[in-house]
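# A look at the structure
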Amino acid sequence: DGGITQSPKYLFRKEGQNVTLSCEQNLNHDAMYWYRQDPGQGLRLIYYSQIVNDFQKGDIAEGYSVSREKKESFPLTVTSAQKNPTAFYLCASKSAGGAAGEQYFGPGTRLTVT
Amino acid sequence: DQQVKQNSPSLSVQEGRISILNCDYTNSMFDYFLWYKKYPAEGPTFLISISSIKDKNEDGRFTVFLNKSAKHLSLHIVPSQPGDSAVYFCAASGLGQNFVFGPGTRLSVLP
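Notes on the structure in this doc start here. Just so we're clear, the structure is a prediction, and the values are computed from it rather than from any experiment. (Residues numbered from 1 in each chain as written. Chains lettered and ligands numbered in written order. Predicted model: local features only at pLDDT ≥ 70, side-chain atom pairs only at ≥ 80, totals over all residues. Heavy atoms only, no water.)

## With respect to the interface of chain B and chain A
- Contacts between chain B and chain A engage 17 residues on the former and 22 residues on the latter.
- Among the residues of chain B in contact with chain A, Ala41(B), Asn98(B) and Phe101(B) are the three that bury the most area, contributing 33% of the side total.
- At the boundary of chain B and chain A, one finds 0 salt bridges.
- Taken together, the connections running from chain B to chain A amount to 3 residue pairs in polar contact (both at pLDDT 80 or more).
- Those elements that place two or more of their residues in the side of chain B that touches chain A are strand S4 (32–38) and strand S9 (86–93) of chain B.
- For the side of chain B that touches chain A, the leading source of residues is S4(B), giving 4 residues. (Contact = heavy atoms within 4.5 Å. Buried area = accessible area lost by both parts, 1.4 Å probe. Salt bridge = Lys/Arg side-chain N within 4 Å of Asp/Glu carboxyl O. Polar contact = N/O pair within 3.5 Å; in protein donor to acceptor, adjacent residues only side chain to side chain. Helix = DSSP H or I, 4+ residues; strand = E, 2+ residues; numbered from the N terminus.)

## With respect to the nonpolar core
- One finds Phe33(B), Trp35(B), Leu73(B), Leu75(B) and Tyr88(B) to be the most contacted residues of the largest nonpolar core, which totals 23 residues.
- Counting residues per element, the ones that place at least two in this core are strand S3 (19–25), S4, strand S5 (45–51), strand S7 (62–67), strand S8 (72–77), S9 and strand S11 (105–110) of chain B.
- In terms of residue count, S9(B) provides more of this core than any other element does, 4 residues in total.
- If sequence neighbours within four positions are ignored, Tyr88(B) has contacts with Gln6(B), Leu21(B), Trp35(B), Tyr36(B), Lys37(B), Leu47(B), Leu75(B), Ile77(B), Gly104(B), Thr105(B) and Leu107(B).
- Membership of the second largest hydrophobic core comes to 19 residues, among which are Ile4(A), Leu11(A), Leu21(A) and Trp34(A). (Core = buried A, V, L, I, M, F, W, Y, C linked by side-chain atoms within 4.5 Å. Buried < 20%, exposed > 50% of the residue type's maximum accessible area, 1.4 Å probe, protein only.)

## Overview of the state of the cysteines
- Throughout the structure, instances matching the rule amount to 2 disulfides over all chains.
- With its sulfur 1.8 Å from that of its partner, Cys23(A) forms a disulfide with Cys91(A). The chirality of the disulfide connecting Cys23(A) with Cys91(A) is left-handed, given an S-S dihedral of about -75 degrees. You can see Cys23(A) sitting in strand S3 (residues 19–25) and its partner Cys91(A) sitting in strand S9 (residues 87–94), a full 68 residues away along the chain. Per residue, the accessibility class of Cys23(A) equals that of Cys91(A), and both read buried.
- One disulfide in the model links Cys23(B) with Cys90(B); its S-S distance is 1.9 Å. The S-S bond linking Cys23(B) to Cys90(B) shows a torsion near 60 degrees; that makes this disulfide right-handed. Placement of the pair is Cys23(B) in strand S3 and Cys90(B) in strand S9, with a sequence separation of 67 residues. When sorted by exposure, Cys23(B) lands in the same class as Cys90(B), which is buried. (Disulfide = S-S within 2.5 Å.)

## Brief notes about the sheet that holds strand S1 (residues 4–7) of chain A
All names here are of chain A.
- The strand order across the open sheet formed by 4 strands is S1-S3-S8-S7, and the pairing between neighbours is antiparallel. A single partner strand is all that each edge strand has here, and the edge strands are S1 and strand S7 (64–66). Put simply, the sheet's adjacent strands are angled 20 degrees from each other on average, direction ignored.
- Here 4 bridges tie S1 to S3, and the two strands are oriented antiparallel to one another. Counted as the bridge partner of threonine 5 is glutamate 24 from S3. (Pairing = 2+ DSSP bridges. Axes fitted to C-alpha atoms, helices over the stretch in contact; angles between N-to-C directions.)

Following this line, the structure appears as structure tokens:
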């Protein structure tokens, strides 16, 4: 089955620790995205990657880092520099080729930092 | 500054009736719009799209209307079913741009 997976579903960390969220897709999509969702807000773009070994900052990239070494994988690291890391994180992918076409989302990871 | 607005945080509708979810945008360069449906603790799933060359797109019980002059789109669900209860996001993009999402509207369909 083709799809996009995120793990783990729930993640707990102590303040000051870096944590890496996994995102894998087998849809052969070129573009991948990381969003953050907070209560009462829309999805905000953290980072995106249109192609392997290339990525760009989104609207709220501070305190986050990514890598795109493989087409299938786009892990997100939430660093200790991120001031409010507790949130629901969503990964998405999209086949390249313009704005048309929807993004496919993973199930999300809820990160709680205490 | 929200480029995509969904001014109703929540909406309750009786089963069998029509649900109308609204979305407004400010960027006149947006030319492609999507609606997503999201259940709690899950990722959004794509529902329906519309490009700016159309003013209506229909898929089963779901219809999206676009009014470019008013920078407004709406999603109609008819008839509404209890399984439609979810948060609905609209998203907009322009050529070469990433999608911008609205804050969502929580729809509750009452049996």
